[in-house]
Amino acid sequence: MAGVVGGTRPALPPADDRDPDVTPGAAPVGTLTVQNIGGRRWTGRRERAAEERRVALALREAILPEPGASIELPHARIAVRYVPAGRASSLGGDWYDAAPLPDGRMFLAVGDVSGHGLPAIAEMAQLRHALLGLSMTGASPGMLLTWLNSLVLTRLDDTTATAVCGHFDPVTRLFTWAQAGHPAPILVRRGGARQLGAPRGVVLGAMPGLPYGVADVRLEPGDLLLMFTDGLVERRSRDIGAGVSLIVEAAVSTGLGERGADLDTGLDRLLEAIGGPNPEDDTCLLAVAVTGEGPRHP
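First, a word on what this report is: a plain description of the structure on this page. (Residues numbered from 1 in each chain as written. Predicted model: local features only at pLDDT ≥ 70, side-chain atom pairs only at ≥ 80, totals over all residues. Heavy atoms only, no water.)

Notes on the pattern of salt bridges
Thinking step 1. One pass over the full model with this rule turns up 9 salt bridges.
Thinking step 2. The shortest N-O distance in the salt bridge between Glu72 and Arg77 comes to 2.7 Å.
Thinking step 3. Here Arg77 falls in the buried class, since its relative accessible area comes to 17%.
Thinking step 4. In this structure, Arg128 and Asp97 form a salt bridge, with 3.3 Å as the shortest nitrogen-oxygen distance. (Salt bridge = Lys/Arg side-chain N within 4 Å of Asp/Glu carboxyl O. Buried < 20%, exposed > 50% of the residue type's maximum accessible area, 1.4 Å probe, protein only.)

Remarks on the side chain of Asp230
Thinking step 1. For Asp230, the location among the structural elements is in the loop between strand 10 (224–228) and helix 4 (240–253).
Thinking step 2. When neighbours within four sequence positions are excluded, Asp230 is seen to be in contact with Asp112, Ile240 and Asp281. (Helix = DSSP H or I, 4+ residues; strand = E, 2+ residues; numbered from the N terminus. Contact = heavy atoms within 4.5 Å.)

What about the environment of Gly191?
Thinking step 1. Among the secondary structure elements, Gly191 is positioned in the loop between strand 7 (186–189) and strand 8 (192–195).
Thinking step 2. Along the primary structure Gly191 and Ala251 are separated by 60 residues, whereas in three dimensions their C-alpha atoms are 8.9 Å apart.

Considering the nonpolar core
Thinking step 1. Within the largest apolar cluster, 27 residues are counted, with the highest numbers of intra-cluster contacts made by Ile78, Leu108, Phe168, Phe175, Leu219, Leu286 and Val288.
Thinking step 2. Residues Val83, Leu226, Ile274 and Ala289 belong to the second largest nonpolar core, which totals 23 residues. (Core = buried A, V, L, I, M, F, W, Y, C linked by side-chain atoms within 4.5 Å.)

What to know about the sheet that holds strand 1 (residues 71–73)
Thinking step 1. Strand order in this open sheet of 6 strands is 1-2-11-10-7-8, and the pairing throughout is antiparallel. In this open sheet, the two edge strands, each paired with only one partner strand, are strand 1 and strand 8. The mean angle between the axes of side-by-side strands here comes to 15°, regardless of whether they run parallel or antiparallel.
Thinking step 2. Sheet topology places strand 1 next to strand 2 (residues 76–83); 3 bridges connect them, and they run antiparallel. Bridging across to strand 2, Ile71 finds its partner in Ile78.
Thinking step 3. Taken strand by strand, helix 4 contacts strand 7, strand 8 and strand 10, and its axis lies near 155° from that of strand 8.
Thinking step 4. Sheet strands in contact with helix 5 (residues 263–273) are strand 2, strand 10 and strand 11 (283–290), and its direction is about 35° off that of strand 2. (Pairing = 2+ DSSP bridges. Axes fitted to C-alpha atoms, helices over the stretch in contact; angles between N-to-C directions.)

Some details on the pairing of strand 11
Thinking step 1. For strand 11, a buried count of 8 out of 8 residues is recorded, marking the element as mostly surrounded by other parts of the structure.
Thinking step 2. Both faces of strand 11 are covered, namely the face carrying Thr283, Leu285, Ala287 and Ala289 and the face carrying Cys284, Leu286, Val288 and Val290.
Thinking step 3. Strand direction decides the pairing type here: strand 2 and strand 11, joined by 8 bridges, are antiparallel. Bridge pairing in strand 11 places Ile78 opposite Val288.
Thinking step 4. Bridge count for strand 10 against strand 11 is 5 bridges, and the pairing is antiparallel. Directly across from Leu224, in strand 11, lies its bridge partner Ala289.

Quick notes on the sheet that holds strand 4 (residues 106–116)
Thinking step 1. Taken in spatial order, the 5 strands line up as 3-4-5-6-9 in an open sheet, and their pairing is antiparallel. The open sheet has two edge strands with one neighbour each: strand 3 (92–100) and strand 9 (215–218). In this sheet, adjacent strand axes meet at a mean angle of 15° when their direction is disregarded.
Thinking step 2. When strand 3 meets strand 4, the two strands line up antiparallel, connected through 9 bridges. Bridged to Ala98 within strand 4 is Leu108.
Thinking step 3. Packing against the sheet, helix 2 (residues 117–135) makes contact with strand 3, strand 4 and strand 5 (161–168), and its axis sits at approximately 160° to strand 4.
Thinking step 4. Contacts between helix 3 (residues 141–155) and the sheet are confined to strand 4, strand 5 and strand 6 (174–180), with strand 6 contributing the most and set at about 25° to the helix.

Brief notes about the side chain of Asp112
Thinking step 1. By secondary structure assignment, the location of Asp112 is in strand 4.
Thinking step 2. The residues contacting Asp112, other than those within four sequence positions of it, are Gly93, Asp94, Trp95, Ala161, Thr162, Asp230 and Asp281.

Quick look at the structure:
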């Protein structure tokens, strides 16, 4: 079961596809013929924009998993929230994955392709599927991003993307991860929260040959790990740093990570606390909650 989402997928708002240069119903300009031409031009653009929106939504639905129950693991639980951009024209290349590996670990990832619209969604599909396939090799997260960077440089011209990916072992509770120019995960523990220190890693598609570092953290019973795309923390009115601080505060104030807290309800409250859906960008939020002690390991 890969990338299963808790809750229902929010409905997209109607597209605002009006032509800024043409006002429907405006007073005649010159002759009736000119007015009719202007009306047809506006109608044609609106229909093309609506068709592109339908195609974009259908493509996203085919790429990202359908809503469903959260993933239950031994001593842990995973839940995901995907919130599309408030504006149809801002649908972009945000994605997530949560897939079991042959050795019993879980492969977890979130990423974001630059740009919006059909080109970004199509490139997102290629990267997501490529990374998921590479993860089956069991290679380290740093090597996975090295391979993915080579793919972007050689197959996707003028494309850049960010990603954070890792392996979570539900038995040892060890999370091993790497990042490519992406915000580091947030750890909620014992009533506090902090952003993890990120290993080195450049944006995918920026340059070849640079290695991607790897970091690890052993989660404790009651811990909550949050992986997210920048649509969660960045707004036109604030930068990413301020948004991360807001998430850290909201994670504590909403009770995320507390023993017995409902994960799905907590994630919904977290999204509300930071201002709801981002009108200008998609948002992916992946949470790992450690629910039990599990075996003892050194």
